[in-house]
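Structural features, examined
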Amino acid sequence: MDAVRGLCVRNVNGYHAMSYDTYRVHGDKGPWGRCMGSECGPGGSQSRAVWCAHSEGWTTLHTNCEHTSRPHNQQGCFRVCDWHKDMYDWQLGAWNRCLPVAMRGSAGMQRYAAAAAAGVCTRGEEGLQTREVACVQKADAGPAEDAICEYFEPKPRLEQACLIPCPRDCVVSEFSAWTSCSKTCGTGLQNRIRWVLAPPLFGGATCPNLTEFHTCQPGLCEGEESLHSIKLGPWGPCGVPVPRQARQAPREVSREVDFERGTPGRGRDKPSRDKPSRDSDTAGRGGDKMARDGEAPALDSPASEGGPADKTRDNPVREGGPADKTRDNPVREGGPADKTTDNPIREGEPGDRGRDSPAREGKKAAKGNDKPNREVDKLARANRKLRKLIRKQERASRQVDRPKRQKKAKNKEKREKIREKARERQRSEKVKDPETRELLKKKRTKNRQNRPGGKGWDIQMGYRTREVMCVHKSGDTEALSLCSQEGLPVTYQACVVTRDCEVGGWSEWSPCSTRCYEPNGPRGQRARGRRVTQFTVGPGGAACPELEETEACSPEDGAPPCTVYSWKATEWTECRVDTLLSQQDRRRANQTGLCGGGIQGREVYCVQAGGDTPSNLSALRGREALRPVDSELCLGIPPNTTQLCQIACPVECEVSAWGAWGPCTFENCQDQTAKKGFKLRKRRITNEPTGGTGNCPHLVEAIPCEEPSCYDWLLVKLEACLPDNDKECGPGTQIPQVQCVNSDGDFVERQLCRDAILPMPAICEVPCPKDCALSPWTSWSLCSNTCSGKNTEGRQMRARSILAYNAGEGGIQCPNASSLQEVRGCNEHPCTVYHWQTGPWGQCIEDASIPTGAANGSRGRGGEDSACSVGMQTRKVICVRVNVGQVPPKKCPESLRPDTVRPCLLPCRRDCVVTPYSDWSPCPSTCQAGGKTKKKQSRRRLIVQLPANGGQDCPDLLSQERDCEGPSVCQGYRWKTHKWRRCQLVPWSVRQDSPGVQETCGAGLQARAVSCRKQDGGQADIEECLKLASPMPELTQPCQNPCQEDCQLTAWSKFSACTADCVGVRTRKRLLVGKSKKREQCKINQLYPLTETQYCPCNKYNAQPVGNWSDCILPEGGRAEGPLGLKVQGDVKECGQGYRYQAMVCYDQDNRLVETTRCNSHGYIEEACIIACPSDCKLSEWSNWSRCSKSCGSGVKVRSKWLREKPYNGGRPCPKLDHVNQAQVYEVVPCLSDCGQYVWQAEPWSVWKVSNVDLKENCGEGVQTRKVRCMLNTIDGPSDQVEDYLCDPEEMSLGARDSRLPCPEDCVLSDWGRWSACQLPCSGNRTRERSAYPLRQPGQNKACPETTETEACRYNSNCFHYSYNITDWSTCQLSERAVCGAGLKTRMLDCVRSDGKSVDLKLCKELGLERKWQMNSSCVVECPVNCQLSDWSLWSGCSHSCGLAGKLLRRRTVVQAPQGDGRPCPTQVEQWKPCPVKPCYRWRYSPWSQCASEGARCGDGLRYRNVTCFVSDGSGREPGSPVDEGLCGELELGVDGERPVVLEESCAVPCPGECYLTDWTAWSPCQLNCIGGSDLGLGAVQVRSRAVVAQEPENLLACPEQEWEARPCTEGRCLEYRWMAGSWRSASRQVWCQRSDGLNVTGGCPPTTRPISDRSCDPPCRKPRSICTEAGQCGCEDGYTEVMTSDGVLDQCTVIPVLEIPTAGDSKTDVKTIRAPLDPTLSAGHAPGRAGRTWFLQPFGQDGKLKTWVYGVAAGVFVLLVFIVSMTYLACKKPKKPQRRQMNNRLKPLTLAYDGDADM
């Protein structure tokens, strides 16, 4: 620990002072505490705790330690604050070299070195690399404490893992073929070369030699071999010629000096010899200064700049340049004589003054120095007299030059005339007004600035020279005279002095494009520019830099806030339910009755958000909506344009069945004056309809009747029969029990029936013991008819049966069979039924009698349901006779007449609300080439709220369109070139020494001016063209001033027009000009033809289709319309007849692509096509509902649909189908059956059939039968017979009974009554009973049997417990006409007996059981929303500007994705059609010509190429064909994007015997660093190389080194290398390395895995049938096995036993045998007398190991054994007894295959 900073040791006590950090104890930080201080920076302080501790560690008093050695407890520190984050940061050093982990430590280093030496490397070596990290100040990178930077950011890591890849050797290709011999005779060299395919990486082996040589000798040379060649040097820099005055002044001064010294001839060379470098430097600086000042600069010294050499005596330049005109170094034989001391100036000698040597030119350049040469001036003053003498000598020479002087005089006169015209023009300008003069002045100034030679254009014509050398074949430079047999080339050339582009300073920044403040908005841009002060001139001049730059900016402080834009939406359209059934049933295509879930849309637009915007649409009434703006101004996500909606389904009115006809009653019981009454029957509403009861059918029907009454007596029951005269039997009466009821059947006070007739007592009879005993009468049956008429009459019946016969003569006899039944009339009223019929309520009309304020309470808070006033509605009410029609109203009861008028609420008017017109759309920014096409601009407005309730209608016009104000003109810039100036030659002083040259003719350069123009022709600044136009045209070009002997002709005219193709000829002409018209040699037509004739081209064109057919495209503007003619949103027409297109291509007779108009074609073949319409899944209509599966309680009822047609072409899919049951769709809903709905109805018992007949007594054992039917129970009682299974079989009455027929005087009892109910809970101690009563009393001495029976209550036998049972929820049920949306799901409540039987709910209700369940619940059926697509976009531009592959595209997007079972989106959301085929014209380079040194055998030269216009189809498969250059006239001159075009380049022609490098190869394919086909992530590389070519064996040591270079690349691929081996030939074979792309290479394959190429065995294999194996050991041939000695040496080869299989031609049918031939050296296949196929079974390989097939045979045998054992076990195993399957006969619940799609 560093906590102990000092020790104060007392040897006696052993105490020492210790310093511990308080925070160290707690383990938080370092030894020091937190830096504290009032200010940020180095002024802080930190402290620590210091105490005294014993050496053993325990704490003691401070006095025990020496105070002088106490450590400090405080120190200064740097207090870090948040704002220091901008001042300090971590400085990260570069990662060091990746070192292997194995190299850490000496042992690891040795292991790594050993592995590297062995060449074992698979993927690479894991390593570590480190770096330095320090905390520094951002301002000056000064060091700081790490704690400062750690306060803000943890210290970055100092090391990281890395990968050291395996070394990659250099990979080269195979050698090329040998070149031809470098010499045609003698000894030469042949070369073959290869190139680098992959560079060495990561320490791999370097590249081998790329060239191989060997000598060749074509034959002996006949003559002497040429040993020398002229070699051209490179052109020197371009220099400016020295002005004539600068050349003459030094010449005069030098002459003065020469005459003064007495050596006039030699004195000319001394200045150059004494100070050559100083003079040249001075001339160079002076020339630059003069160039900057706009003057003609002096020519740089040729000695230093590569210009003409100094003509001195002792400083010769290489021979071949302009030779030094000295005494000892002549230039050419036969040239001008040397002007040396041996040839002094003679008086009167011509030509001397006009010929300036280079040395004199150097003196002229020296005169441009700023420091005057005082010595020269002194000598000039001292020799003025000598000058006069020189002038006299010059006068004599002028006489010789008189023709020249005359020509100069003429030129002077011409110049004077030009100056006079200029003065006259200036005088005429003074006459003009000042404004005109100012405009002219500006125009001329601008023209001067834009033309070469003006401001910014420094085009100076100069010249350059080159060296000419004579070289030996060994490469040594020799004297030029040794090459004198060859003509010397030209050493000068006109050129343009190169000037780099220079620009001025930056202008001020423009204002920020964002003028307003927006916190989270995008930043603006500002720009600045600079002007060109000097344009690029000449080849190699630096191009101009960027002339404009931009940067992000923010608005200035105080800027106003930016305008905020937000999305707004119109009102939702009405909810629309898709008519999904329209394809199934056209009769249901009317969507007005559909309801449920649907879809509605709206339009979304962008508005400027400013101020308070309306919160709802109702607030827009009377107020202008916001103006829509461009949607691109709103940045947020726009609101949805569609949403699901719900149309409430109308509830149909449901009524109950008709009740029974009531009594004849007065229409109004309060007014009984009328004698006519009505019988009424009624029904009630069981389901309240939507919109009130007015939509229900009539609920009351009436029949007129006579003798009406309002009250009547109701017979409740008849009392027991009482015999008359108090007898026990015999005739008697039954007293009726009555109750007073009104016409509705309600009990009222008895006094109200005082006027009604009271029912009379009924006559009855109590049978005596000997009388016939009859059963009581049954109840009256239902009336057979509801009314009575002429042909119909209502009847009711009742019956009784004989229970016991009478006793012969003493009793009352039994009645006959007809007396056992009674019939009475019923419903005797006539069948004339009347009722009131109502019509629909009319429109709500405002009632002026009701004040407006009366409806204020109904006014809503917004929305369309708010009411503004009260109105009245009326309807028509008529009296109708059933099945007849309207009758007078008096036929119907007036008291029951419905209302004809009712009040209603008038909804508020809603006017249409539209937005204001948007701003006019901008005129299209794209321009037309001609600029004459009018463009349109438009504006629109949107309907925000539709009118309703009689509001103001919307305007018809929602959009406007107008023409743009001006034609759309392309605003661009172009270069304008001016006329070429006169041809400027190399100065005569430079070329005068060349033989055969003339002063006024020869090769030179000419310049021209360029200016910038707008597309409309207006002037523009040069900078605009530099930024926006094509590259600047050439400013100079080579030219030729014709000499007097040359023939001068005009350029060729254009060919004359042809009258028709393939007919006649066309011609072009040119003319002789000037003096050439008079020269005879120019009139030779063979040399200078003046006319050219061609046959008119015979163009034949043929058209043919090309490419695939396009998509089938429907006509524009086709939209699907709804059934009512309404536009359906998003439902674009998807099918029907369309057209598809195929492009047409036109070729000429040379199979070249031309414009399609040549073939009279519009470019397409059009063909009709059909887009199949999508067909939805078609199902049948719903079947009828089945009956409820249970007749009592809850069950299910089912209906189904059948599949009629499957969907295709993207139609709506089918729901889940039950394909097992013939592809049906089921809908299952719960149902509840009233347990009293079906009842058993028993007829009276039949007459006894006595089996043991006592004829005397007419009694005994017998059988009675009766019919028991299952009847439908109605309100009036059982009516119709139904199937017996609908009734409860447990409650079925007996249909037959065995009993004893009572004899006379026996007691006759009635039938047993119902059993009484058992008391709950059920218990065995409780009983139930039933009873009967006597119908006939017994005779004397006889008694009646028991009239009561009792039985015990047994659980689930005759006593039951009851409970409620709730069913599962049903599927979501919708309205009958609903497709989807909100519905209702229900469940049923059953009353279930303890034995599981469902019983009537009233049993559970009577017990008072709790009902706590909710029976209904709302639900939603997902709406099947069809996919909705947007409209097709406009057709895009052609994907290719030319060629066959161009396509036009258009797209559409999904506006509404499909939901549920809606129609899916079509797969085609993009369509294409071909573009018209256009030929692809482009410039292409021709191959480079051979490098040629003009006028020399070798050295620096030029090679050339041309550009040609080619046409192709754009596919790239064919190179194309050359065509007329005029077809490429609209293209910018460039090849494959390369601009400017390079048509010549410098090159070098090797001299004979010279060793040189080849040109660079093309870049190799991009190759990744991969292992096993996976990229290591180390990047990709490609390489190119140059090989050495030698021509002389003697010069091989002087050859340059071969070169290669690599560069990184992208989009590389993995290439693997593997060894390949050929077949063995004797003991050797060929082995080579091959790349994965099939290329044979050298390098790349690991040497350790190289297959052997030589398998010679030592000692050699001499045994019979022995061979040398690949392992280098002796083995045996196929069919023989090795017999080895004990020391592992081959002893002999023995034949392997053979398995012979007889063939079809073998007559032997013996069993397969294994034989061993006697001769071990003879194989079985060659045994005499044997035929057939022979297989050698050799289990062991040559290496002594078992072969693979042996293991396979063993595995097969093992599997066979396992199979045999398993089959044996199964065959012997006893079978188990079959188990009887319990069949469950209970009814399985119905599986629902349908999930609730209510639409189906």
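Residues numbered from 1 in each chain as written. Predicted model: local features only at pLDDT ≥ 70, side-chain atom pairs only at ≥ 80, totals over all residues. Heavy atoms only, no water.

1. With respect to the sheet that holds strand β7 (residues 99–100)
Sheet architecture is open: three strands sit in the order β7-β8-β10, paired in antiparallel fashion. Across the chains shown, the open sheet's two edge strands, defined by having one partner strand only, are β7 and β10 (159–164). Sheet topology note: the β7/strand β8 (residues 125–130) ladder contains two bridges and is antiparallel. Each bridged residue has a counterpart across the sheet, and for P100 the counterpart in β8 is G127. (Pairing = 2+ DSSP bridges. Helix = DSSP H or I, 4+ residues; strand = E, 2+ residues; numbered from the N terminus.)

2. As for the pattern of salt bridges
For the coordinates displayed, the defined rule picks out 38 salt bridges. One salt bridge in this structure joins R531 and D1021, with 3.7 Å as the shortest N-O distance. Residue R531 is located in the loop between β20 (524–529) and β21 (532–534), and its partner D1021 is located in the loop between β54 (1019–1020) and α14 (1022–1028); the two are separated by 490 residues in the primary sequence. Across the salt bridge formed by K1342 and D1306, the nearest N and O atoms sit 3.0 Å from each other. Here D1306 lies in the loop between β72 (1296–1301) and β73 (1308–1309) and K1342 lies in the loop between β75 (1334–1336) and β76 (1348–1352), a separation of 36 residues in the sequence. Residue K1342 is classed as partly exposed on the basis of its relative accessible area of 37%. Given the relative accessible area of 15%, D1306 is considered buried. (Salt bridge = Lys/Arg side-chain N within 4 Å of Asp/Glu carboxyl O. Buried < 20%, exposed > 50% of the residue type's maximum accessible area, 1.4 Å probe, protein only.)

3. What to know about the nonpolar core
If you look at the biggest cluster of nonpolar residues, it comprises 25 residues, and the most contacted ones within it are W457 and I459. The next biggest cluster of nonpolar side chains, apart from the first, holds 14 residues, and it includes V1477, V1511, V1523 and V1535. (Core = buried A, V, L, I, M, F, W, Y, C linked by side-chain atoms within 4.5 Å.)

4. Section: the state of the cysteines
Inspection of the entire model under this criterion finds 57 disulfides. Paired by a disulfide, C1012 and C1025 hold their sulfur atoms 1.9 Å apart. Disulfide C1012-C1025: the torsion about the S-S bond is 85 degrees, which places it as right-handed. Highlighted residues: C1012 in strand β53 (residues 1002–1014) and C1025 in helix α14, separated in sequence by 13 residues. C1025 carries the same exposure label as C1012, and that label is buried. Shown here is the disulfide that connects C1427 with C1465, its sulfur atoms set 2.0 Å apart. (Disulfide = S-S within 2.5 Å.)

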